[in-house]
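# Structural features, examined
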Protein chains: 2
Amino acid sequence: MNRTQLIQTIRQKRSYLCVGLDTDPQLLPVSFARTAEGVLQFNKAIIDATRSTCVAYKINTAFYESLGAHGWTVMEKTVGYIGDEHFIIADAKRGDIGNTSYQYATAFFSQMNVDAITVSPYMGEDSIKPFLTFPDKWTIVLGLTSNSGAGDFELLNCDGAPLYEHVLRKVSSWGNPSNLMFVVGATQADSFTRIRSICPDHFFLVPGVGAQGGSLGEISQKAMNKDVGFLVNASRAILYASSEADFAEAAAKVAEKYQAEMSTYL
Amino acid sequence: MNRTQLIQTIRQKRSYLCVGLDTDPQLLPVSFARTAEGVLQFNKAIIDATRSTCVAYKINTAFYESLGAHGWTVMEKTVGYIGDEHFIIADAKRGDIGNTSYQYATAFFSQMNVDAITVSPYMGEDSIKPFLTFPDKWTIVLGLTSNSGAGDFELLNCDGAPLYEHVLRKVSSWGNPSNLMFVVGATQADSFTRIRSICPDHFFLVPGVGAQGGSLGEISQKAMNKDVGFLVNASRAILYASSEADFAEAAAKVAEKYQAEMSTYL
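Residues numbered from 1 in each chain as written. Chains lettered and ligands numbered in written order. Predicted model: local features only at pLDDT ≥ 70, side-chain atom pairs only at ≥ 80, totals over all residues.

## What to know about the relation of the copies chain B and chain A
- Once chain B has been moved 0.0 Å along the axis and rotated by 180°, it coincides with chain A to within an RMSD of 0.0 Å. Here the transformation between the copies is reduced to the relation of a two-fold axis. Minimal C-alpha separation from the rotation axis in chain B is found for B:Cys158, amounting to 1.9 Å.
- Both copies share a contact surface, since 100% of the interface residues of chain B are interface residues in chain A too. (Least-squares fit on C-alpha atoms with pLDDT ≥ 70 in both. Contact = placed C-beta atoms within 7 Å.)

Here's what the structure looks like:
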């Protein structure tokens, strides 16, 4: 899905919601087997319940890798079940020397056929550029993350600016707003206005609303640009809205609530 | 494999060689199918050829993920084939918020049963600590890497010291020399003496000898401590020593050459 299509989808659905499929077998409703197959069936039910209100799905690779090779198959089947009307993100936080990053790009862009992958910037240019060579695919680089550990290195003062600002500026010069996004946590609301001024045109992937405590209203006010310019992810708040038989209806309701609030900001 | 066992293995074999299984199906000798099964058969031949001269194997997850779910199965089977007399590293460069890092740790330490995993430090403490909670398992955090992109962020001057020094100091305080190592590239020889003074007791995983041009002699002189304290990885120089039918003998010879040189430094 390219930038024009993504913006069009957001405008049509009046939603910039991304549903995070961080599916933990231990947290499935009792009617599901706590296996790879149970995860797949649960994902299908969540996707059916949220398809109309979200524009993107984010697959957190860790939860699938913990199930071994079967988990990898479930990721592939989940991507296939979502189809091509949603923007699909592999939240994989990869990044390595050039020839290895190229293999990761092949794994997710060619083999699994997702639209985007999250990448860590620590190793610099040759760890990120191979991802940017795939046409109509997106690289989502960690900027300022939502977790408490963001303070350890991302906020270090480097030559007068926090590390994450160097990341935003330097990585921006390697790609463009049609193949590059940044992760900016919803818990970092105080920094959002400044981040938007550094990257006026890029999309942001914004986790941290819901279980992590970020405010959708505040983020929407500070992050929006003329093309909307961001996706807000919610995972646990939707997946585990209910642990009973009504889990899918409960997930749909939470997603609808997010979409309804988002439509007021658009 | 715990620290005592690792040091004992190094002393017995007079080797601190790690063989990197970055197996690219496109580079297999012609007698192998360019498939997941071909990769597994090639890995087995390389392992048999190098078992006696190396103390560790490093599996680069990217090359297996690019083969999809079958690739993940090949990783698992490769780990099983290596057995428990070698130190096994998943070179995965993972790291995410706490509950997600815990899932990655489960994937590699419990499900795949490797000894160690490489982790990126960008997201800070809660992205690394979950890996450190698994007994007798190791977390290998990126310090100063071997690639050209290391200069982009790792060497940024942050409050008077390069970023990677902050990483070494801060991450050291979260673990100990029995569950924590650092990646330090062999191409960074100028910095090795200083890095060893910051982390006198930690093991280093040192890639970048061979295809990337680092000097084994210089690194060995600067990195060695009383417990040896480092593993030197070679991947392409061993895997692709010959592309003909004699590939395994050629791989064995290169590994023996490394081991022979290492034994002179011990």
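Once the structure has been displayed, the description carries forward.
## Let's talk about the interface of chain B and chain A
- Every contact between the two is made by 48 residues of chain B and, on the other side, 49 residues of chain A.
- When contributions to the side of chain B that touches chain A are tallied by element, the ones reaching two or more residues are helix H3 (61-65), helix H4 (69-82), strand S3 (87-94), helix H5 (98-111), helix H6 (125-132), strand S6 (157-158) and helix H7 (163-172) of chain B.
- The element that contributes the greatest number of residues to the side of chain B that touches chain A is H5(B), accounting for seven residues. (Helix = DSSP H or I, 4+ residues; strand = E, 2+ residues; numbered from the N terminus.)

## Considerations on the nonpolar core
- The biggest cluster of nonpolar side chains holds 190 residues, and the ones touching the most others in it are A:Val232 and B:Val232.
- Sequence-distant contacts of B:Val232, that is, excluding residues within four places in its chain, are made with B:Tyr16, B:Leu17, B:Cys18, B:Ala186, B:Val206, B:Val209, B:Leu216 and B:Ile219. (Core = buried A, V, L, I, M, F, W, Y, C linked by C-beta atoms within 7 Å. Buried ≥ 20, exposed ≤ 12 C-beta atoms within 10 Å, placed from the backbone.)

## A few points about the environment of B:Ala69
- Structurally, B:Ala69 is set in helix H4.
- Residue B:Ala69 is classed as buried on the basis of its C-beta count, with 22 C-beta atoms lying within 10 Å.
- C-alpha separation for the pair B:Ala69 and B:Leu28, spaced 41 residues apart in sequence, amounts to 20 Å.
- Among residues more than four places away in sequence, those in contact with B:Ala69 are A:Ala69, A:Trp72, A:Thr73 and A:Glu76.

## Some thoughts on the environment of B:Gln5
Residues and elements named next belong to chain B.
- Structurally, Gln5 is set in helix H1 (residues 3-13).
- Its 14 C-beta neighbours within 10 Å are what place Gln5 among the partly exposed residues.
- The spacing of Gln5 and Thr264 is 259 residues in sequence and 22 Å in space, taken between C-alpha atoms.

## Focus on the pairing of strand S5 (residues 138-144) of chain B
All names here are of chain B.
- Along S5, seven of the seven residues are buried, which leaves the element largely enclosed by surrounding structure.
- Where strand S4 (residues 116-119) lies against S5, four bridges are found, and the strand directions are parallel. When the bridges of S5 are listed, Ile117 appears paired with Thr139.
- Considered for its hand, the β-α-β crossover made up of S4, H6 and S5 is right-handed.
- Two strands pair when backbone bridges link them, and S5 and strand S8 (residues 180-184) are joined in this way by five bridges, in the parallel orientation. Note on S8: the bridge partner recorded for Leu144 is Val184. (Pairing = 2+ DSSP bridges. Right-handed = clockwise from strand over helix to strand, strands pointing away.)

## Let's talk about helix H2 (residues 36-50) of chain B
All names here are of chain B.
- Taking 1.5 Å of rise per residue, 15 residues should cover 21 Å, and H2 covers 21 Å from first to last C-alpha, within 8% of that figure.
- Among all positions of H2, only Val39, Leu40, Phe42, Asn43, Ile46, Ile47, Ala49 and Thr50 are buried.
- Taken together, the buried residues of H2 touch strand S1 (17-21), H4, helix H10 (236-239) and helix H11 (247-265). (Expected span 1.5 Å × (residues − 1).)

## A closer look at unusual backbone geometry
All names here are of chain A.
- Positioned with a positive phi, Arg14 is a non-glycine residue whose angle comes to about 50°.
- Within the element layout of this structure, Arg14 appears in the loop between helix H1 (3-13) and strand S1 (17-21).
- Assessed through the 15 C-beta atoms surrounding it within 10 Å, Arg14 is described here as partly exposed.
- In this structure, Asp136 is a non-glycine residue whose phi angle is positive, near 60°.

## Details of the sheet that holds strand S10 (residues 230-234) of chain B
Residue and element names in this part refer to chain B.
- If you walk around this closed barrel you meet the eight strands as S1-S2-S3-S4-S5-S8-S9-S10, and the pairing is parallel. Each strand of the sheet is rotated relative to its neighbour by a mean of 30°, with strand direction disregarded.
- Relative to S10, S1 runs parallel, the two sharing three bridges. Considered in S10, the bridge of Leu17 is made with Val232. (Axes fitted to C-alpha atoms, helices over the stretch in contact; angles between N-to-C directions.)

## A closer look at the pairing of strand S9 (residues 203-206) of chain A
All names here are of chain A.
- Across the two faces of S9 the burial is the same, with Phe203 and Leu205 and Phe204 and Val206 all buried.
- Examined bridge by bridge, strand S8 (residues 180-184) and S9 share three bridges and lie parallel to one another. The partner of Val183 across the bridge, within S9, is Leu205.
- Of the crossover connections in this fold, the one passing from S8 over helix H8 (residues 189-198) to the parallel S9 is right-handed.
- In the sheet, S9 pairs with strand S10 (residues 230-234) via three bridges, with the strands oriented parallel.

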